[in-house]
Amino acid sequence: METILRSKEMAEIMLLPIRHHSPACSYQIKKVVESWKPSAILMEGPDNANALRGAMIHEETKAPFAIYYSCYDREGKLSEEKGHYKCYYPFLEYSPELTALREAGKRGIEAAFIDLPYGDILAASEKGKGLLKEAEKNNYNDDYLLSRNVYIKRLCEKTGLRNFDEFWEKYFELNGFYEDSDTWFFHLLTYCRLARENTPPEALLEEGCLAREAHMAGRVAQWASKGSGSKEEWSRILVITGGFHTQGILERLSGEEWEKTKLLSQKQTGAMPAGDQSVYLMPYSMEAADALNGYASGMPYAGFYQKVWEGSGEAQEAFQKAALDMLVAVGKEVRKKDGYLSTYDEICAWQMARGLSELRGKPQPGAYELLDAVLASYVKGEYNAASDLPLRVLRRQMAGRGMGRLCSMADIPPIIHDFEAQCKKLGLKARSTVETETTLSIFSSKKHRKTSMFFHRMVFLETAFAKRIKGPNLQRKKDKNLIREIWKYKWNVQVSSALIDVSVHGATVEEAAASRVLERLKEDMGAGHAAVLLTQVFEMGLTDQMEAVYDRVSRLMVREEDFYSIADALKFLMMIEELDALYQSGLKVWELVLAGIRKLVALLPSMAAVKDENLPACMDAVKLLYQITGREGGDIHKEREMYYEALERMKKDVNIHAGLNGCIHGILYGSGRETAEEAEKACFGYLAGTREQLLQTAFFFRGLFYTAKDLIFIGNSFLKMLDRFFGQVEEGEFMELLPQLRLAFAYFTPAETDKIAYRAAGLHGKKREDITERREILPDWYAYGKELDAFARKHMENAKKREGGAGDG
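Reading guide: rules and limits
- Residues numbered from 1 in each chain as written.
- Predicted model: local features only at pLDDT ≥ 70, side-chain atom pairs only at ≥ 80, totals over all residues.
- Heavy atoms only, no water.
- Helix = DSSP H or I, 4+ residues; strand = E, 2+ residues; numbered from the N terminus.
- Buried < 20%, exposed > 50% of the residue type's maximum accessible area, 1.4 Å probe, protein only.
- Contact = heavy atoms within 4.5 Å.
- Areas by Shrake-Rupley, 256 points an atom, 1.4 Å probe, with all protein chains shown as cover.
- Phe/Tyr/Trp six-rings, centres within 6.5 Å; stacked < 30°, edge-to-face > 60°.
- Pairing = 2+ DSSP bridges.
- Axes fitted to C-alpha atoms, helices over the stretch in contact; angles between N-to-C directions.
- Nonpolar A, V, L, I, M, F, W, Y, C, P; charged D, E, K, R; others polar.
- Core = buried A, V, L, I, M, F, W, Y, C linked by side-chain atoms within 4.5 Å.

1. Description of the overall build of the chain
- Within the chain one finds 37 helices and 11 strands.
- When the 809 residues of the chain are sorted by exposure, 52% land in the buried category.
- Restricting the contact set of the chain to residue pairs at least 6 apart, pairs at least 24 apart contribute 74%.
- Taken as a whole, the chain presents about 39000 Å² of accessible surface, with 50% of it coming from carbon and sulfur.

2. Here's the deal with the packing of aromatic side chains
- Within the structure shown, the criterion is met by 42 aromatic pairs.
- Here the aromatic rings of F167 and Y171 are separated by 5.0 Å at their centres, their planes lie at 45 degrees, and the arrangement is tilted. Of this pair, F167 and Y171 are both found in helix 7 (residues 164–173), 4 residues apart, which corresponds to roughly one turn of the helix.
- Each residue in the set Y151, F164, F167, W168, Y171, F172, W184, F185 and Y191 is aromatic and connected to the rest through ring pairs, giving one cluster.

3. Some points on the sheet that holds strand 8 (residues 277–283)
- Taking strand neighbours across the sheet as the criterion, the 3 strands line up as 5-4-8 in an open arrangement whose pairing is antiparallel. Pairing within the sheet leaves two strands with one partner each, and these edge strands are strand 5 (84–91) and strand 8. Adjacent strand axes in the sheet meet at a mean angle of 20 degrees when their direction is disregarded.
- Relative to strand 5, strand 4 (residues 65–72) is paired through 8 bridges, and the arrangement is antiparallel. Bridge pairing in strand 5 links Y72 to H84.
- Where helix 21 (residues 493–501) meets the sheet, its contacts fall on strand 4, strand 5 and strand 8, and the angle it forms with strand 8 comes to roughly 150 degrees.

4. Looking at the packing of helix 7 against helix 17 (residues 367–377)
- Viewed as axis vectors pointing N to C, helix 7 and helix 17 meet at an angle of 115 degrees, and their least axial separation amounts to 9 Å. On helix 17, the residues that touch D165, E166 and E169 of helix 7 are A367, Y368 and E369.
- Its residues assigned to classes, the contact of helix 7 with helix 17 shows 2 nonpolar, no polar and 4 charged.

5. Let's talk about the nonpolar core
- Membership of the largest hydrophobic core comes to 234 residues, with the highest contact counts inside it found for I67, F304 and F419.
- In terms of residue count, the dominant contributor to this core is helix 25 (residues 563–583) (11 residues).
- Setting aside anything within four residues of it in sequence, one finds F304 in contact with E169, F319, A322, A323, M326, G366, A367, L370, Q397 and M398.
- By size, the runner-up hydrophobic cluster in this structure holds 19 residues, among which are M216, I237, V239 and I249.

The structure is reproduced here in structure tokens:
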């Protein structure tokens, strides 16, 4: 502990270093508050969250929960992208800051957060550093400067410990329940000073540490100055910050720096506009709070340390009781799943944990003794994926399960209330962290259709609440014939944060989705992307937005010149046309389909010399036009004739791609506009042409089989041409063309492939048995078998020798 006595007229200041989410820190803070009796408690934490303190300590609020901060860089002060930023400040039952807040509330002590607002921390950080680093989850109270540097690495090596967390548990967490507060905080502050001394000075600037410490010191100076005169209540101020910052704040409050700090505190202004920042409380989960589950700040094994905290009333038994409870719980679950663990195994594991703690100089077994005991006593045989069940169960137990709850007075955006109301109305488990699967009959049940629409809206808002496992997928153009959807859903931290992020777009999930659709319409996009958006609106059931999106697709189709974008748009429009009767959207797209056909047919001849990489997309578009124009009804005769005229022109183009040529001949044959002999003649042209044309035959077969694979079963003409082709190409050329040949034959079913092989064998006077039954042994096969025999013989002889040696002993 560091105590600063400014003067008789000013408050006495005590600085306490902590590690976030440490039960020992919370335990010691309770003791200090009780013995030192501060008149105010100041804590590290963005000061624009002070309005939330009442809800945080309300009796109905249950940890874990988090303060969720977001900032919109509207003016481009952080980057040219003018992006949205967010971070979490989680609190567990044993978080030191929450303990301090609760102690203050219980004793009527003033309390406050004193750090920079989140947006100002971003402004003080260099790009890619601190809270500006690229991460899926940025956490306000990241301890990594306290736990990752060369000094700490060497310290762990010197003490023979595996990592910083094991070092921390041995020297601070366990000792925190035995040592008096002065001694324990002295050791902690010494460690924090050494960690800071071994951190490059430039890192303190880049990470925003110096700006934060200056702000916190300024806030402390302001509170200390309130103690002048007759205000006895400000006589003692307890300041609780992350251990890495304690020394920096202390320096600014000591000696000559005091007056500078006091003066600067009067000039503090925000770097980011307050209106562009928001702060809310949100429920959090034990899984999200665990360091080994993607959460990089504070202590790992949240579930284990929760048990330690629950037993801290009997401090000198807290760790061993938590370890014993988990050994029993893991044993019970493993027995239930596999049935091989016995009570004796549990006794052995407990003895192992206690023995390891004594051997390692620890007063009680901790998390690492628990892990080692389970590995030694519960895992039978070699540790691998087949035997790791006990450790997987233990890690789940140590991470903890469960979710927090907020009191009714907590300020929550209306969209979260709507989300919970919708889940209740639809019978969904809104607050379950266990994944639930549900099957929806979307065309026969109105409730199921509404549930599907809700899920699609949550997906569109990128909340990670639900994911579709099976069912019609209009964006990927898959499974359109399915009449049921299968979804999996569960609550996680991202659900609340994503809903808070989009709360500016509407008070309900439906309003936010509709608003985001209108935003997307303002973006630059091609006809294909606009049509995808139309299918999303279609699935979400946002009828009021359909017309606006449809109009955008119409305008884009008129001016679009990209062949593939128009083809994509046409596919999506056809799906909507086909499924409209089931979805009952009332959206009429046939006129737009006709416009798309005309545009695509007009561009088709220019695609004759398509590049190899674009061949699949081009063949898809040609086949799509064939399918649409071949439909009965719909007054499409004119467009059909335009399409076939374009195909006739294309096949006469001397530069046409062989694959596309094959595709066109297959369509003309299938539509009755060309005979099989004409398709054969086109194929023979490649076989009898130049060497370069011969090598294009593989592409021709690929295109032909894509649209008319039955041609190979009509007589033997195509089969003989294939046989001739294989006989003409050299081995190197064959290997080069093999990918195209595989794609060509991929259109056939296994039974059809077998039939082709049987007929091909017949061309050479062979039967099925002559191919499938091999009587001779190839030299390479024989050599491999001989090598396997030698390997097996050697290992059997060695095993026999070992058994003989054991018998002699």
